[in-house]
Amino acid sequence: HYDEGEYMALRKEMDEINDQIIMMRGRVEALNAKIDELKKQEEQLEAVKATVEQAKKYLAVYERIRNDLFNRDGPLATSLRSWALKEISYYASEYIRSFGIGISEIKLSEKRRDVSIECYSGSGIMEIGSLSGGESIAVALAIGFAMAKLMGMGLVDFIILDEPTIYLDEERKRSLVNIILNFNAGYGALKQMVIITHDREIFENSAVDAIFQFEKYNGVTSVQKV
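The strand order β1-β2-β3 describes an open sheet built from 3 strands, whose pairing is antiparallel. The outermost strands of the open sheet, each flanked by one partner alone, are β1 (103–111) and β3 (124–126). Taken over all neighbouring pairs, the strand axes of this sheet differ in orientation by 35° on average, direction set aside. Strands β1 and β2 (114–121) of the sheet are contacted by helix α2 (residues 75–99), whose axis makes an angle of about 165° with β1.

Structure follows, in structure tokens:
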């Protein structure tokens, strides 16, 4: 027995089911597209992860290089400072002996990030605080000359002393002049020594090559040989 109403109801139900099937297929396709997109993102993330892991390895190497080569307390810096202090001590000892003031050796060493200076004479170690003004000047000059020699690798032809007589009394100023002149004449370490000072008079009767005087007037500086 055919029932038109029942048929139409079933037909409507079938159409609704088909619509739902079409809708589900669209959702499945959208989900598949999303899955493909997520897979691509996963592949990209894996590539990024690999790059990050490689970067971490490079960073570890960089940190090691920085600690070994550039860190102040790294093995290379420590070794270089130790070598430099030994070289400066060696040359400073040569220079101080040329001054003829009784000091035979200067030794520089590093202790807890501080550089200590020890002076030796025929009777043993001399405390830095017990040195006279002239002796202190001689030690400072010897170390300065040694540092210049080391940094210049023997190619330093001249050195500039800026106000070496400051805070010294007249006797010690004269002592400094004698030390400088005797050193440069007797030891022959430098071709030229330039001294900047306000105490011109202490060099006037000394065997210096030339004295130049700087004067400033109305904002203009003039230089003339004395």
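With that settled, the discussion passes to the packing of aromatic side chains. Per the stated rule, a full pass over the model turns up 2 aromatic pairs. Where Tyr90 meets Tyr91, the ring centres are 5.3 Å apart and the plane angle is 70°; that geometry is what we call edge-to-face. For Tyr90, a relative accessible area of 47% corresponds to the partly exposed category. Ring plane angle 90° and centroid distance 6.0 Å describe the contact between Tyr95 and Phe145, whose orientation is recorded as edge-to-face. With a gap of 50 residues between them, Tyr95 in helix α2 and Phe145 in helix α3 (residues 133–152) connect regions that are remote in the sequence. By relative accessible area, Tyr95 is classed as buried at 5%. For Phe145, a relative accessible area of 4% gives the class buried.

Calculation rules
Residues numbered from 1 in each chain as written. Predicted model: local features only at pLDDT ≥ 70, side-chain atom pairs only at ≥ 80, totals over all residues. Heavy atoms only, no water. Pairing = 2+ DSSP bridges. Helix = DSSP H or I, 4+ residues; strand = E, 2+ residues; numbered from the N terminus. Axes fitted to C-alpha atoms, helices over the stretch in contact; angles between N-to-C directions. Contact = heavy atoms within 4.5 Å. Phe/Tyr/Trp six-rings, centres within 6.5 Å; stacked < 30°, edge-to-face > 60°. Buried < 20%, exposed > 50% of the residue type's maximum accessible area, 1.4 Å probe, protein only.

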